[in-house]
Amino acid sequence: MARNKHPEETINLILDVSYRLFMEKGYEHTSIQDIINHLGGLSKGAIYHHFKSKEEILMAVTDRMTSESNRMLADIRDRTGMTGREKLKAIFKESINRPVQDEIFTAAPNFHNNPKLLASLLNDTVKEVPPIYIKPIIEQGIADGSIQTDYPEQLAELIILVANVWMNPMVFEDTGEEAYGKFRVFQQMMRGLGLDIVDEEMLGRLQELTLIYQEKK
């Protein structure tokens, strides 16, 4: 077999095709064979040379889709002229309103049936976003007086775990009514902590994303 001199091109082709199929059919209804059939002659071995499973392909596709999100989080974290509380609200608002969120919820898997993906989600939720983006903002809020807490690290983890896991319909398969109840409780919890960062517009957008996911299942 000839040595692949352009592995990056092959990887990008696999991810491009997979992304399109996940969008068209949904992750659960897309098979490895479906991906192979759209690769223009590449073999199954070409896929498994770069990715061990469909789950790994999804994680790579998601990484590409969310790289912009990380840049957005860093931009808000480093902005001047805003309080910490204002930055937290900006993060939630800009995160859920990005057009790519529609794509993520359309292509999304059922995490409940994919322990490996769920473990990856939990790791990213606790180990990456809170310490790099949320905790620094909370510490800024403590310094400027807009946030009151003696536990910035734990508060950062709590906010992201609730937002990214507990309220995530991909994890618990909540109905629209159940999801709405969680959104309301999250809003009340934030207000109880002195963080009025979730408004009615955001709640409406969260409902919209839940419906996008449910329609694609």
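Our structure's up above, just so we're on the same page.
Bear in mind the structure is a predicted one, so any value in this text is a computation, not a measurement.

## Re the overall build of the protein
Phase 1: A tally of regular secondary structure across the protein gives twelve helices and zero strands.
Phase 2: Tracing the protein from N to C terminus, the helices and strands come up as α-α-α-α-α-α-α-α-α-α-α-α.
Phase 3: Its C-alpha atoms give the protein principal-axis dimensions of roughly 65 × 40 × 25 Å.
Phase 4: With 217 residues in all, the protein has 44% of them scored as buried.
Phase 5: When contacts within the protein are restricted to residue pairs at least 6 apart in sequence, those whose partners lie at least 24 apart make up 68%.
Phase 6: Within the protein, the 33 negative side-chain charges are centred at a point lying 4 Å from the centre of the 25 positive side-chain charges.

## So, the pattern of salt bridges
Phase 1: If you walk through the whole model with that rule in mind, you get nine salt bridges.
Phase 2: A salt bridge links Asp78 to Arg77, with the shortest nitrogen-to-oxygen separation between them at 2.9 Å.
Phase 3: Given the relative accessible area of 18%, Arg77 is considered buried.
Phase 4: Linking Arg205 and Glu208 is a salt bridge whose minimum nitrogen-to-oxygen distance equals 3.1 Å. With Arg205 and Glu208 both in helix H12 (residues 200–216) and three residues apart, the pair spans about one turn of that helix.
Phase 5: Taken together, the salt bridges that share partners define one network made up of Asp75, Arg79 and Glu94.

## Overview of the nonpolar core
Phase 1: With 61 residues, the main nonpolar core has Ile57, Leu88, Ile134, Ile159 and Phe186 as its most contacted residues.
Phase 2: No other element matches helix H4 (residues 54–77), which puts nine residues into this core.
Phase 3: In contact with Ile57, not counting residues within four places along its chain, are Ile14, Leu15, Ser18, Phe22, Ile32, Ile35, Ile47 and Phe51.

## Remarks on the environment of Leu203
Phase 1: Checked against the element boundaries, Leu203 lands in helix H12.
Phase 2: Each C-alpha atom of the pair Leu203 and Asp124 lies 24 Å from the other, and the pair is 79 residues apart in sequence.

Reading the values: the criteria
- Residues numbered from 1 in each chain as written.
- Predicted model: local features only at pLDDT ≥ 70, side-chain atom pairs only at ≥ 80, totals over all residues.
- Heavy atoms only, no water.
- Helix = DSSP H or I, 4+ residues; strand = E, 2+ residues; numbered from the N terminus.
- Buried < 20%, exposed > 50% of the residue type's maximum accessible area, 1.4 Å probe, protein only.
- Contact = heavy atoms within 4.5 Å.
- Lys, Arg positive; Asp, Glu negative; His and termini not counted.
- Charge placed at Lys NZ, Arg CZ, Asp CG, Glu CD.
- Salt bridge = Lys/Arg side-chain N within 4 Å of Asp/Glu carboxyl O.
- Core = buried A, V, L, I, M, F, W, Y, C linked by side-chain atoms within 4.5 Å.

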